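# Structure assessment
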Amino acid sequence: MSSTLDFSHYLKSPGAGLLHLDLAVEGINCAGCMAKIERNLSKIPDVTSARVNLTDHRLALEWRAGSVDPAMFVDRLAELGYRAYPFERAGAETQEAERARSLLRRLGVAAFAAMNVMMLSIPVWSGNASDMLPEQRDFFHWLSALIVLPAAAYSAQPFFASAWSALRARSVNMDVPISVGIVLALAMSLVETASHADHAYFDAAIMLIAFLLAGRYLDQNMRRRTRAFAGNLAALKAETATKFISDEEIRTVPIAAIKPGDIVLLRPGERSAVDGNVIEGRSEIDQSLITGETRPRLAVPGSAVFAGTQVRSGVLRVCVAAASEATLLAEISRLLENALQSRSHYLRLAERASRLYAPVVHAAALLTMLGWLLYGATLHDSVVTAIAVLIITCPCALGLAIPAVQTVASGALFGSGVLLNSGDAIERMARVDRVIFDKTGTLTLPELDVANAANIPADVFDLAGRVALASRHPVAAAVARAAAAKSPLPDIEEEPGHGVHGMLDGCEIRLGRPSYCGADELANEILSRDPEASVVAFRHGETCHVFAVRQRLRPDAAAVVETLHQYGIAVEVLSGDREPAVRTAAQALGIHEWRAEVTPVDKIARIDDLARHGFKVLMVGDGLNDAPALAAAYASMSPVSAAHISQSVADAVFLGEQLAPVATAIDISRKALRLMQQNLWLAVVYNALAVPVAVAGLVTPLIAAAAMSGSSLLVMLNALRARARKRETV
Amino acid sequence: MEVLVFLVPLAITLGFIGLMGFLWSLKSGQYDDLDGAAWRAIADDEPAGSSNSQQNPQRQDP
């Protein structure tokens, strides 16, 4: 903690003499936390506002410039028991939030208009049968038009815009029939009103808009929430770098403030947040997050270092490179671009439905008109009936059928630790019949762990853990973590490159390389049995033990593989790591198909090969080397510890130590896909019932309004079952 | 029935005021934190001018 974080990058100035800071805070989950934090921070002199956002787990602070050091807020929060990280809103998140807000505004306008028009429509519906004067009815119709036309022009813009862009690209989406229906309904109602006719459909049109907007708002809100949560995760990962601001002086700065050409310092145990080249120092580095290779390599001046690399033994000075300079990254980016282009071929369920739907409905309307003309009806009556067909078939239910299920299902996924990146991921994950896992960091945990803990006496383990706290070496850190050590021993000194030593009860105590502790024999014995492990020796007086430290499989990995098999899904491992390591892991998990030492190009080739044979592959991986494969696969997931680039191309990111979210995601997606198909069938049945009535020319505005809201509610309620089922299984 | 000439515009004006209220609440950020707003409604009000700042550090639950 010698150099605290430089906050200047995150500060904003909202007005004269004021400063503003956004913090993502871990552990806010109740109203009590909210009150405690706000009360405590407002007491700091000069703080003008401290406001917690309980939904997003964030804190917005404002204070008068000059007197307060922002780091103090973080310290104060730590005293209260909350870890806080400065945080910068990503562009994508601001966009999603703005879109949600605009949809809510339009929904408000549409709902206002729908309610007021309903007030006017009910007397007309009941008055048409009894004693309403034609002048009164016309007055009510004109009033409805006055309310609905501007409201529709404003609130239906999202549908018009989306339909227009689809038409310009010479394709059809669900918004095309919606827009056609709305525009025709409004135009016909206006003409009918002007010619003093009985029926106007203003109410049905605006209600349709309100229902569809409600569905879209819920969908957008879920997306915004997921995005905000992902933003917090990025902040909690606290990506910082230690930058040299002069030859001697260092400062911890957020990664966004690092530019190519800057010199950064990497100390043992730290993960590099940047790509660059070593200019000074020697160290073993662990690149498992990037290449999947678990054996440490030696970095010397001139070696390339990639973001995600962990420094093990020495101190390195790294000159930051622009992304394009690093060859591995450039190669990965090129593969990625190709893979992403081929992915866009997937046709969503909604698109396929609308491709069938629009021509059928429009043809039906045309046939109705021609039929009535041949039957001898007037042109006016035929056109009115044809438009009534369009209104009644306007895909209100169809437009809600899929987004509603998507919203509920992504809420259920969110609850079980899966964050969706793309909306259609649910459909694709539901169809998966083969899962390919990367090994390092995906089947195994990203952090090292002690493998032979059972062979070491508990008191020795505890003591070793406390000694290990003095070292920043990742292998020692793993021992400390495994022993759950909290209180470091006093007067322990570190000898760089060898280990740590000190005195306890008059005996010397050492932890470090086997040679440093005189435990070479023990260490070689362990290494001959388990060549993948790193060893660290511990000596206290005459007792001597050696810890085998290695990456551990996720605790529930075997169970998840078993569950996937039960779902009828084949499981395969593709890893960049060496053969013995991959074989051991695959055997432990009961996976028969595995490949080792696979390059990114080979991974893509394997996936393409499977795709050609008709398999739908879910790729689960975390490394930089997995990124192209993640993009090329039919669907993809990444653990939250994954490299940035992998996370951003994966369809979904899962949280936590467990692998279970992979199986849960497939399960929820399958249920959701079933519900989507059910909903589409409900919409088809509704149309099959309603269309003959419309073709017969029997649709009154009352029937249109009732049929529309009835079918929408039915579809919405069916979608909610995606959530109800989830609860039962928990 | 002439009363309609007053009542209907009156009803629509009231609805319009409601809409304005909604747009204002949206603009002032009242929909940004729905979970928090639900709890703020029942939270105890801050006693005015209370400054017993750090007298109970033992209440710091983790």
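Residues numbered from 1 in each chain as written. Chains lettered and ligands numbered in written order. Predicted model: local features only at pLDDT ≥ 70, side-chain atom pairs only at ≥ 80, totals over all residues.

Another aspect to go through is the overall build of chain A. Across its full length, chain A holds 25 helices and 26 strands. Taking the principal axes of its C-alpha atoms as reference, chain A extends roughly 110 × 65 × 45 Å. For chain A, with 730 residues in total, the buried portion stands at 48%. (Helix = DSSP H or I, 4+ residues; strand = E, 2+ residues; numbered from the N terminus. Buried ≥ 20, exposed ≤ 12 C-beta atoms within 10 Å, placed from the backbone.)

Secondary structure assignment for chain B yields two helices and zero strands. Burial analysis of chain B (62 residues in total) assigns 0% to the buried set.

All names here are of chain A. Where strand β16 (residues 444-450) meets strand β21 (residues 543-553), four bridges bridge the pair, whose relative direction is antiparallel. Bridge pairing in β21 places Thr-444 opposite Leu-553. Direction of pairing for strand β20 (residues 534-540) relative to β21: antiparallel, over a ladder of seven bridges. Note that in β21 the partner of Ser-534 across the bridge is Val-549. Between β20 and β21, which pair antiparallel and follow one another directly, the connecting turn spans two residues, one of which, Gly-541, has a positive phi of 60°. (Pairing = 2+ DSSP bridges.)

This next bit is on the confidence of the model for chain B. Averaged over every residue, the pLDDT of chain B is 72; the share at 70 or more is 68%. We note a pTM of 0.76 for the whole complex and an ipTM of 0.73 for its interfaces. (pLDDT = per-residue confidence, 0-100.)

Quick look at the interface of chain A and chain B now. Across the contact, 24 residues belong to chain A and 23 residues belong to chain B. For the side of chain A that touches chain B, the elements supplying multiple residues, two or more each, are α1 (31-42), β2 (47-53), α2 (70-80), α3 (91-129) and α4 (134-155) of chain A. For the side of chain A that touches chain B, the class distribution of residues is 13 nonpolar, six polar and five charged. (Contact = placed C-beta atoms within 7 Å. Nonpolar A, V, L, I, M, F, W, Y, C, P; charged D, E, K, R; others polar.)

Turning our attention to the sheet that holds strand β12 (residues 310-311) of chain A. All names here are of chain A. Spatial ordering of the open sheet is given by β10-β9-β12, a layout of three strands whose pairing is antiparallel. Two strands in the sheet have a free side with no partner beyond their single neighbour: β10 (297-299) and β12. By the bridge criterion, three bridges tie strand β9 (residues 283-286) to β10 in an arrangement that is antiparallel. The residue bridging Glu-284 from the neighbouring strand is Leu-298, located in β10.

A few words on the environment of Asn-53 of chain A. All names here are of chain A. Of note, Asn-53 is situated in strand β2. With 20 C-beta atoms counted inside 10 Å, the residue Asn-53 sits in the buried group. Between the C-alpha atom of Asn-53 and that of Ile-28, which follows or precedes it by 25 residues, the distance is 9.2 Å.

Another point: the environment of Leu-212 of chain A. Residue and element names in this part refer to chain A. Inspection of the secondary structure assignment puts Leu-212 in helix α7 (residues 202-236). With 27 C-beta atoms counted inside 10 Å, the residue Leu-212 sits in the buried group. Distance in space between the C-alpha atoms of Leu-212 and Ser-712 is 8.7 Å, their sequence separation being 500 residues.

For the rest of this paragraph, the subject is helix α11 (residues 379-393) of chain A. All names here are of chain A. For α11, built from 15 residues, the straight-helix expectation of 21 Å at 1.5 Å per residue is met to within 8% by its first-to-last C-alpha distance of 21 Å. When you tally the buried positions in α11, you get eleven out of 15 residues, the bulk of the element. Those residues of α11 not exposed but buried are Ser-382, Val-384, Thr-385, Ala-386, Ile-387, Ala-388, Val-389, Leu-390, Ile-391, Ile-392 and Thr-393. (Expected span 1.5 Å × (residues − 1).)

As a further point, take the pairing of β9 of chain A. All names here are of chain A. Of the two faces of β9, the one carrying Ser-283 and Ile-285 and the one carrying Glu-284 and Asp-286 are both buried. Note that β9 and β12 share two bridges and pair antiparallel. Within β12, the position partnered with Ile-285 by the bridge is Val-311.

Let us look at the environment of Leu-659 of chain A. All names here are of chain A. Mapped onto the elements of the fold, Leu-659 is located in the loop between β26 (652-654) and α24 (660-695). Classification of Leu-659 as buried rests on a count of 28 C-beta atoms within 10 Å. The spatial distance from the C-alpha of Leu-659 to the C-alpha of Thr-442 is 7.9 Å, given a sequence separation of 217 residues. Apart from residues lying up to four places away in sequence, Leu-659 is in contact with Arg-554, Asp-556, Ala-557 and Val-560.

A word on the nonpolar core. All names here are of chain A. Counting 166 residues, the largest nonpolar core has Ala-110, Ala-205, Ile-206, Ile-209 and Leu-618 as the members making the most contacts within it. Formed jointly, this core draws a minimum of three residues from each of two domains, domain 2 (237-325) and domain 3 (418-445 + 554-670). In contact with Leu-618, not counting residues within four places along its chain, are Met-429, Val-432, Val-435, Ala-633, Tyr-634, Ala-635, Ser-636 and Met-637. By size, the runner-up hydrophobic cluster in this structure holds 35 residues, among which are Ala-483, Ile-492, Leu-511 and Phe-538. (Core = buried A, V, L, I, M, F, W, Y, C linked by C-beta atoms within 7 Å. Domains from an automatic or database assignment.)

All names here are of chain A. Structurally, chain A comprises domain 1 (1-87), domain 2 (237-325), domain 3 (418-445 + 554-670) and domain 4 (447-552). Relative to domain 4, the C-alpha centre of domain 3 lies at a distance of 34 Å. For the side of domain 3 that touches domain 4, the elements supplying multiple residues, two or more each, are β16 and α20 (579-589). When grouped by side-chain class, the residues that make up the side of domain 3 that touches domain 4 number three nonpolar, two polar and no charged.

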